[in-house]
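Notes for the structure review
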Amino acid sequence: MSSSRGLAIVNVLVFTILFTILAGSLLVLVSSHTILMEDTIRRTKAFYVAEAGYVHAMDLVKVGLPPTNPQVEWSVDGVSGATLSYNTPAVEVFPGAGLNGSMLINSTCDYTPNW
C-alpha cells in the first residue's frame, strides 16, 4: 500500500516539474513574440512618419516654400481618437543632388522601443 502512494507522489512531482518547464518555455516564447511584434509595429509607424515628412516637403517645394519638419501623429487614443503624442521626421533637401541635377529630398524617422 505505501509503495503505491510513493509511486503516486513521484508521478505527481514528475508531471508538476514537466508542466512547469513547459509553462516557462511558453512564457519565453510569447514574450519574445510580443517584443518582435512591437518592434515591427514601431518600424512600420516610423516608415510612414518618414513618408509623411517626404510628402509634406514635396508639397511645400511644389509651391515654392522651403521644406520644414512637420509633426506627425505617433500614438492615438483608441477610444476617443485624440492624439497622444507626435513624432517629427527629419527632412533634408539637397538641390541638384538627384538624378539629372534634380532636387533630392530625404526624410527619416527614429523610433525608440520600450525595452
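Here's what I pulled together on the structure shown here. The structure displayed is predicted, hence computed values, not measured ones. (Residues numbered from 1 in each chain as written. Predicted model: local features only at pLDDT ≥ 70, side-chain atom pairs only at ≥ 80, totals over all residues. Heavy atoms only, no water.)

1. Describing the overall build of the protein chain
To keep it simple, the criterion reads: Strands here mean DSSP runs of E at least two residues long; helices mean DSSP runs of H or I at least four residues long; both are numbered from the N terminus. Both definitions apply: the radius of gyration is a C-alpha atom measure, and the globule rule equals 2.2 Å times residues to the power 0.38. Residue exposure (1.4 Å probe, protein chains only): buried if accessible area is under 20% of the type maximum, exposed if over 50%, otherwise partly exposed. Every residue pair with non-hydrogen atoms within 4.5 Å of one another is taken to be in contact.
When its secondary structure is counted, the protein chain shows one helix and four strands. Its C-alpha atoms give the protein chain a radius of gyration of 27 Å, more than 25% over the compact-globule value 13 Å for 115 residues. Expressed as lengths along the three principal axes of its C-alpha atoms, the size of the protein chain is roughly 95 × 40 × 15 Å. Considering the protein chain as a whole, with its 115 residues, one finds that 16% of them fall into the buried category. For the protein chain, the share of sequence-separated contacts (at least 6 apart) that also reach a separation of at least 24 residues comes to 38%.

2. Structural notes on a nonpolar patch on the surface
Let me state the cut-off plainly: For patches, a residue must show more than 30% relative accessible area and have no salt bridge; joins then use 9 Å for like charges and 5 Å for nonpolar side chains, namely Val, Leu, Ile, Met, Phe, Trp and Tyr. To be clear on the numbers: accessible area is Shrake-Rupley with a 1.4 Å probe, and residue cover counts the displayed protein chains and nothing else. A carboxyl oxygen of Asp or Glu within 4 Å of a side-chain nitrogen of Lys or Arg is what we treat as a salt bridge.
A cluster of nonpolar residues, Phe15, Leu18, Phe19 and Leu22, forms a patch on the protein surface that exposes about 410 Å² of accessible area. Structurally, the position occupied by Phe19 is in helix α1 (residues 2-62). Residue Phe19 is classed as exposed on the basis of its relative accessible area, which comes to 52%.

3. Notes on the side chain of Ser107
Here is the rule we go by: N or O atoms within 3.5 Å of each other form a polar contact, as long as, within protein, one can give a hydrogen and the other can take it, and as long as residues adjacent in sequence are counted only when both atoms are side-chain atoms.
Residue position: Ser107 is located in strand β4 (residues 104-108). Engagement of the side chain of Ser107 in a polar contact is seen with the backbone oxygen of Ala50, the distance being 2.7 Å. Discounting residues that sit within four places of it in the chain, Ser107 has contacts with Ala50, Gly53, Tyr54, Pro89, Ala90 and Val91.

4. Let's talk about the pattern of salt bridges
Overall, the coordinates contain two salt bridges when judged by the stated rule. Measuring nitrogen to oxygen at the nearest pair gives 3.2 Å for the salt bridge that ties Glu38 to Arg42. Of the two residues, Glu38 and Arg42 both sit in helix α1, four residues apart, roughly one turn of that helix. Judged by its relative accessible area of 24%, Glu38 falls in the partly exposed class.

5. Looking at the environment of Pro89
Along the polypeptide, Pro89 turns up in the loop between β2 (83-87) and β3 (90-94). Residue Pro89 is classed as buried on the basis of its relative accessible area, which comes to 1%. Excluding residues within four positions of it along the chain, Pro89 makes contact with Val49, Ala50, Gly53, Asn69, Pro70, Val72, Ser107 and Thr108.

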